[in-house]
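Analysis of the macromolecular model
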Amino acid sequence: MAEAKYTYGLGRRKASTARARLYKGKGKLTINDKDALDYFSNNKTYVAEITDPLALVQKQKDYDITIRVSGGGLAGQVDAIKLAISKALVAEFPELRPVLKKAGSMKRDPREKERKKYGLRSARKKEQFSKR
């Protein structure tokens, strides 16, 4: 059996990692073997944000996308998926890079949770000072 050809992209945000595969198709979006709306509990704003890179280059109905995402919360996963789709598009069409970059879809948001330090309650919170 011959495997279908796809384009691959990897995206990360906070603790989330998303791997996207773009296949020639009709615009079906699958996340972790579920429909995108089912995965995000019918939250259409998340689904719309995920498909922003495709909408920017008018390719919503040209590709079926399968995504494997793990770690983090839903907002971090959305940003990771968006970056993964953008990278996969650029891998297939390098001429789209300036368009996606100008829109901010090619940039990884580097902010991560700061680690807890020993002797402190959290990353920066200290014990309350007692004068007496």
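For the structure, see preceding data.
Residues other than glycine seldom take positive phi values, yet Ser 41 does so here, at roughly 55°. Within the secondary structure, Ser 41 is located in the loop between helix H1 (36-39) and helix H2 (44-50). Taking relative accessible area as the criterion, Ser 41 reaches 61% and is therefore assigned exposed. Positive phi, normally seen in glycine, also occurs at Gln 58, with a value near 55°. Relative to the elements of secondary structure, Gln 58 occurs in the loop between helix H3 (52-56) and strand E5 (63-70).

Right, let's talk about the nonpolar core for a bit. By size, the foremost hydrophobic cluster in this structure holds 28 residues, and its most contacted members are Ile 31, Phe 40, Ile 50, Ile 65, Ile 67, Ile 81 and Ile 85. Of all elements in the fold, only strand E2 (16-24), strand E3 (29-31), H1, H2, E5 and helix H4 (74-92) reach the threshold of two or more residues within this core. Sorting elements by how many residues they give to this core places H4 first, with eight residues. The contacts of Ile 31, once residues within four sequence positions are left out, are Ala 36, Tyr 39, Phe 40, Ile 50, Ile 67, Val 69 and Ile 81.

Once that is clear, we can look at the environment of Gly 72. As for its position among the elements, Gly 72 is in the loop between E5 and H4. Remark: the alpha-carbon pair of Gly 72 and Lys 125, spanning 53 residues in sequence, is separated by 23 Å.

A few words on the sheet that holds E5. Strand order in the open sheet formed by five strands is E1-E2-E5-E3-E4, with mixed pairing between adjacent strands. Edge positions in the sheet fall to strand E1 (7-13) and strand E4 (34-35), since each has one partner strand and no second. Bridge count between E3 and E4: two bridges; the pairing is antiparallel. Across the sheet, residue Thr 30 finds its bridge partner in E4, namely Asp 35. Against the sheet, H4 touches E1, E2, E3 and E5, its axis set at about 145° to E1.

Let's shift gears to the packing of aromatic side chains. Describing an aromatic ring pair means giving the distance of the ring centres and the angle of the ring planes. Applying the stated criterion across every chain yields a total of three aromatic pairs. On the numbers, 5.1 Å between centres and 85° between planes, the contact of Tyr 39 with Phe 40 is edge-to-face. Accessibility assignment for this pair places Tyr 39 and Phe 40 in one class, buried. Members of the aromatic cluster, connected to one another through ring pairs, are Tyr 39, Phe 40 and Tyr 46.

Turning our attention to the side chain of Ser 86. Tracing the sequence through the fold places Ser 86 in helix H4. For Ser 86, a relative accessible area of 0% gives the class buried. Look past the residues within four positions of Ser 86 in its chain and what remains in contact with it is Pro 53, Leu 100, Ser 105 and Met 106.

Rules behind the numbers
The numbers attached to residues start from 1 for each chain and follow its sequence in the written order. Confidence filtering applies because this is a predicted model: local features only for residues at pLDDT of at least 70, side-chain atom pairs given and counted only at 80 or more, and all residues used for totals across whole chains, interfaces and linings. Note: side-chain values were computed over all heavy atoms of the structure, leaving out hydrogens and water. Put simply, DSSP H or I for four residues or longer makes a helix, DSSP E for two residues or longer makes a strand, and each gets a number counted from the N terminus. Any residue under 20% of the maximum accessible area for its type is buried, any over 50% is exposed, and the rest in between are partly exposed; the area is computed with a 1.4 Å probe on protein chains only. Side-chain atoms within 4.5 Å are what join buried Ala, Val, Leu, Ile, Met, Phe, Trp, Tyr and Cys residues into a set we call a nonpolar core. Should any heavy atoms of two residues lie within 4.5 Å, those residues are counted as being in contact. Strand pairing is assigned whenever DSSP detects at least two bridges linking the two strands. Lines are fitted to the C-alpha atoms to define the axes, a helix being fitted only along its stretch in contact, and any angle between axes, read from their N-to-C directions, falls within 0 to 180 degrees. Aromatic pairing here means that ring centres of Phe, Tyr or Trp (its six-membered ring) are within 6.5 Å. Orientation follows from the plane angle: under 30 degrees is stacked, over 60 is edge-to-face, and everything else is tilted.

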